[in-house]
Amino acid sequence: MIYQLAQINIAKLLKPIDDPQIADFVNQLDEINAVAEKSNGFIWRLKDDVTNDATNINPFNDPNMIVNMSVWKDVASLKDYVYNSDHVKVFVRRKEWFEKPTKAHMALWWIEKGKFPSVEEGKRRIEYLQQHGNSKYAFTFQKIVNP
C-alpha cells in the first residue's frame, strides 16, 4: 500500500479573527495557501467554499481556535514548505497573533494514497497526541513514525 502524509495544526488567536490585531495574518492567508498549493509534494488542504481557507471551520467549538489540515506526498515535502518557503515569514510572527501553545498543536499521520482526512479525524488525532504522545496513530516532526 502507498501512503501519504496528513497533518493538522491548530492555533488559538489572541483576539477574534476580525480584530485589527489579527488583520495582517488574515491578509496573508491567500498568499501563504497559494505557496502551499504550489509546493512540491502538496496534495490537498482543508478549505471552505466561502473564504478559500479553513478559518470558518470550528471543530473545537472555540471561535478563536483556528485549524489547518493538509495532505502531502511525504514528510520532506511538508517540512520544506513549513521551514523553507515564504510560509516562514508568517511562521516567525506567530506570537503576534496566537497564544503560546501549552500542549501539542500539530499532529501528523499516514493515510492511504488518494484518501483525505475529515476534520473530525484530524481532531481525534491531535487530541490523541495531546493525551498519549507520539505513536503510529499520531506523531510530530520530532519523532516521525514511518508507515
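A quick note: this is a predicted structure, and the numbers were derived from the prediction, not measured.

A. How the structure looks around helix α1 (residues 23-38). Relative to the 22 Å expected for 16 residues at 1.5 Å per residue, α1 spans 24 Å between its end C-alpha atoms, a close match to the ideal helical length. Along α1, the largest kink reaches about 40° and is centred on L29. Every buried residue of α1 is accounted for by F25, Q28, L29, I32, N33, V35 and A36. Elements in contact with the buried residues of α1: β2 (42-45), β3 (65-72), α2 (75-84) and α3 (87-91).

B. Spatial organisation of the packing of aromatic side chains. Evaluated as defined, the whole model comprises nine aromatic pairs. Relative to F141, the ring of Y83 has its centre 5.9 Å away and its plane inclined at 55°; by these criteria the two rings are tilted. With a gap of 58 residues between them, Y83 in helix α2 and F141 in the segment after α4 (119-132) connect regions that are remote in the sequence. The class for Y83 is partly exposed, based on a relative accessible area of 40%. For F141, a relative accessible area of 10% gives the class buried.

C. Here's a closer look at the environment of I17. Within the secondary structure, I17 is located in the loop between β1 (3-12) and α1. I17 gets classed as partly exposed once you look at its relative accessible area, which sits at 30%. When the C-alpha positions of I17 and K123 are compared, they lie 21 Å apart, and in sequence the two are 106 residues distant. Each residue touching I17, except ones within four places of it in the same chain, is listed here: I22, V26, T55 and I66.

D. Structural context of the nonpolar core. Residues L5, F25, L78, Y81, F98 and L108 are the most contacted members of the largest nonpolar core, which totals 24 residues. Breaking this core down by element, the ones donating at least two residues are β1, α1, β3, α2 and β4 (106-112). For this core, the leading source of residues is α1, giving five residues. In this structure L78 touches L5, Q7, W72, M106, L108 and F141, once residues within four positions along its chain are discounted. Residues A6, I8, W109 and I111 belong to the second largest nonpolar core, which totals 18 residues.

E. Quick peek at the environment of P117. Here P117 lies in the loop between β4 and α4. Separated by 19 residues in the primary sequence, P117 and F98 have C-alpha atoms spaced 25 Å apart. If near-sequence neighbours (up to four positions away) are discounted, P117 is found in contact with A6, W44, M69, V71, W109 and I111.

F. How the structure looks around α4. Helix length check: α4, at 14 residues, gives a terminal C-alpha distance of 20 Å against a target of 20 Å (1.5 Å per residue), a fit within 8%. Taken together, the buried positions of α4 are V119, E121, G122, K123, R125, I126 and L129. In the core, the buried residues of α4 are packed alongside β1, β3 and β4. Within two residues after α4, G133 carries a phi angle of roughly 80°, on the positive side.

Parameters and conventions
Residues numbered from 1 in each chain as written. Predicted model: local features only at pLDDT ≥ 70, side-chain atom pairs only at ≥ 80, totals over all residues. Heavy atoms only, no water. Helix = DSSP H or I, 4+ residues; strand = E, 2+ residues; numbered from the N terminus. Expected span 1.5 Å × (residues − 1). Bend = angle between axes of the 7 residues up to and from the residue. Buried < 20%, exposed > 50% of the residue type's maximum accessible area, 1.4 Å probe, protein only. Contact = heavy atoms within 4.5 Å. Phe/Tyr/Trp six-rings, centres within 6.5 Å; stacked < 30°, edge-to-face > 60°. Core = buried A, V, L, I, M, F, W, Y, C linked by side-chain atoms within 4.5 Å.

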